[in-house]
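Residue-level listing of the chains:
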Amino acid sequence: MTERSLRVAVVGVGHVGRHHARLLSSLSDVDLVATVDLNKERALEVAHGTSARAETDVKAIEGQVDAVTIAVPTEKHLEVAKPFLEAGVPVLVEKPMASSVAEADEMLAAAKRSGACLAVGHTERFNPALAAVSPLVDQPRFIEVHRLGSFPSRSLDIDVVFDVMIHDLDVILGVLDSDVASVEAVGVPILSERIDIANARLRFESGCIANLTASRISRDRVRKIRFFQSGAYLSVDYAAQSAEAWRLTTDDEGEPSIEGGKLEVTGGEPLERELADFMLAVCHGREPGVNGAQGRRALELAERITERIAEHV
């Protein structure tokens with residue numbers, strides 16, 4: 001694979017998949033060979049201006065790709081991903097990984113049998129602002145998350161926990177080396193038949209508490225996470241790609257003060273960084289930034305949260 005470009009196809013080129021195609025077509029050593037979508041016009045539109053051909057059936061690319069990215073509706077993730085994984089073709093599947101943990105386990109089993117790389121599209125892990133803060137996170141005691149957005153015209157097949165909150169569940173699980181001890185959660189449907197706004201309070205075995213609010217019915221767009229730990233406060237604004245770090249210090253006379261400010265963040269498109277990481281994982285046979293097991297872990301926690309919400313509905 002190092003002697004030629006990687007042949008890659010995007011399956012599902014709607015709102016998210018079209019960005020996969022745009023970015024993959026610009027990556028060096030990557031040959032976007034096909035855009036696949038049940039909507040032929042959409043597949044043609046996204047393929048236009050690239051080297052890709054447009055297809056409506058994934059069978060048309062069997063045996064012709066070195067890797068695929070999948071951005072079809074969540075309920076179709078397993079159906080589309082499993083044949084590729086069984087054939088040993090590396091797969092990056094958008095979040096949430098699957099419709100259920102049971103389906104995620106099928107994908108993981110298929111990847112294990114063939115040895116195929118399986119990555120999950122949790123783009124916030126590749127946000128430059130989070131990358132600047134992550135090395136400074138040290139046994140936080142409290143984590144506060146607000147992820148608010150306007151009502152979407154897509155992803156209404158899943159509720160706000162799987163569509164929106166799962167980003168931060170993955171981030172928190174990625175920085176905390178601790179299991180979840182208990183979950184409290186509430187949520188309500190407002191503009192759809194599924195949960196549109198939710199709050200979860202997670203207690204970890206380390207003693208850390210995480211409070212997460214996710215909404216897809218807000219007028220304001222907010223994507224922020226804050227970490228509170230001994231003698232320090234860290235803040236990330238995902239949307240602005242900005243980060244701050246503040247800490248308690250004392251002068252020579254023992255007087256306390258707060259020092260810190262903005263961290264240096266080298267901007268970049270998280271999805272591009274994620275796709276580039278996946279390509280490198282495929283080329284070098286290493287684990288991707290977010291692997292299948294980590295995608296399953298976030299999905300399992302999302303399921304626990306929705307189960308608690310259902311108890312109050």
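Above: the structure in question.
Residues numbered from 1 in each chain as written. Predicted model: local features only at pLDDT ≥ 70, side-chain atom pairs only at ≥ 80, totals over all residues. Heavy atoms only, no water.

S.K.: So what exactly am I meant to see when it comes to the pairing of strand β2 (residues 30-36) here?
M.R.: On a regular strand, each side chain points to the face opposite its neighbour's, so the side chains alternate between the two faces of the sheet. Taking burial as the measure, the seven residues of β2 include six buried ones, the bulk of the element. Relative to β2, strand β1 (residues 6-11) runs parallel, the two being bridged by six bridges. Paired with L6 across the strands is V30, a residue of β2. In this structure, β2 lies alongside strand β3 (residues 53-55), joined through three bridges in parallel fashion. The residue bridging T35 from the neighbouring strand is A54, located in β3. Each parallel crossover has a hand, and the one from β2 via helix α2 (residues 40-47) to β3 is right-handed. (Buried < 20%, exposed > 50% of the residue type's maximum accessible area, 1.4 Å probe, protein only. Helix = DSSP H or I, 4+ residues; strand = E, 2+ residues; numbered from the N terminus. Pairing = 2+ DSSP bridges. Right-handed = clockwise from strand over helix to strand, strands pointing away.)

S.K.: Can you help me understand the pattern of salt bridges in this one?
M.R.: Think of it this way: side chains of opposite charge can pair up when their charged atoms draw near. For the structure on display, the rule yields 20 salt bridges. Ionic pairing is found between D37 and R42, a salt bridge with its closest N-O pair at 3.1 Å. Classification of D37 as buried rests on a relative accessible area of 8%. R147 serves as the salt-bridge partner of E124, at 3.0 Å between the closest nitrogen and oxygen. One end of the pair, E124, is in the loop between β6 (118-121) and α5 (128-133); the other, R147, is in strand β7 (residues 142-148), with 23 residues separating them in the sequence. Judged by its relative accessible area of 3%, E124 is buried. Several salt bridges converge on common partners, so that one network encompasses K95, D163, D196 and R216. (Salt bridge = Lys/Arg side-chain N within 4 Å of Asp/Glu carboxyl O.)

S.K.: Sorry if this is basic, but what is going on with the sheet that holds strand β4 (residues 67-70) here?
M.R.: Through backbone hydrogen bonds, the strands of a sheet pair up, either in parallel or in antiparallel fashion. Read from one edge to the other, the open sheet built from six strands follows the order β3-β2-β1-β4-β5-β6, with strand pairing classed as parallel. Only two strands of the sheet have a single partner each, and these edge strands are β3 and β6. Along the sheet, successive strands turn relative to each other by an average axial angle of 20 degrees, direction set aside. Note that strand β5 (residues 91-94) and β6 share four bridges and pair parallel. Note on β6: the bridge partner recorded for E94 is G121. (Axes fitted to C-alpha atoms, helices over the stretch in contact; angles between N-to-C directions.)

S.K.: So what exactly am I meant to see when it comes to the sheet that holds strand β14 (residues 256-262) here?
M.R.: The mixed open sheet is built from eight strands, whose spatial order is β8-β9-β10-β7-β11-β12-β13-β14. The open sheet is flanked by β8 (180-188) and β14, the only strands paired with a single partner. Along the sheet, successive strands turn relative to each other by an average axial angle of 10 degrees, direction set aside. Here strand β11 (residues 222-229) runs beside strand β12 (residues 232-237); their pairing, made up of six bridges, is antiparallel. When the bridges of β12 are listed, F227 appears paired with L234. Most of the contacts of helix α6 (residues 160-175) go to strand β10 (residues 209-215), to which it runs at about 155 degrees, and overall it touches β7, β8, β9 (197-204), β10 and β11. Its contacts with the sheet put helix α8 (residues 292-312) on β8 and β9, and the angle it makes with β8 is roughly 55 degrees. (Contact = heavy atoms within 4.5 Å.)

S.K.: What exactly am I supposed to notice about unusual backbone geometry here?
M.R.: Peptide bonds are trans in most cases, and residues, glycine excluded, mostly fall at negative phi. Of note, the amide linkage connecting K95 to P96 takes the cis form, showing an omega dihedral of -15 degrees. Residue placement: P96 occurs in the loop between β5 and α4 (101-114). Although it is not a glycine, D29 adopts a positive phi angle of roughly 60 degrees. By the secondary structure assignment, D29 is in the loop between α1 (17-24) and β2. Owing to a relative accessible area of 57%, D29 belongs among the exposed residues under this scheme. For Q241, which is not a glycine, the phi torsion comes out positive at approximately 50 degrees.

S.K.: Help me understand a nonpolar patch on the surface in this model?
M.R.: A cluster of nonpolar side chains, namely F151, V188, I190 and L191, defines an oily patch on the protein surface of about 350 Å² accessible area. Tracing the sequence through the fold places I190 in the loop between β8 and β9. (Patch = residues over 30% accessible without salt bridge, like charges linked within 9 Å, V, L, I, M, F, W, Y side chains within 5 Å. Areas by Shrake-Rupley, 256 points an atom, 1.4 Å probe, with all protein chains shown as cover.)

S.K.: Could you clarify how one ought to interpret the packing of α1 against helix α7 (residues 270-284) in this entry?
M.R.: Between two packed helices, what matters for the description is the angle formed by their axes and the separation of those axes. Axis separation between α1 and α7 bottoms out at 10 Å; the angle between their running directions is 65 degrees. Regarding the angle of α1 to α7, the classification is roughly perpendicular. The handedness of the crossing between α1 and α7 comes out as right-handed. Contact with α1, carried on its side by H19, H20, L23 and L24, involves L271, E272, L275 and M279 of α7 and no other residues of that element. Among the residues making up the contact of α1 with α7, the classes are represented as five nonpolar, two polar and one charged. (Parallel < 35°, antiparallel > 145°, perpendicular 65-115°, else oblique. Left-handed = near helix turned anticlockwise from the far one by under 90°. Nonpolar A, V, L, I, M, F, W, Y, C, P; charged D, E, K, R; others polar.)

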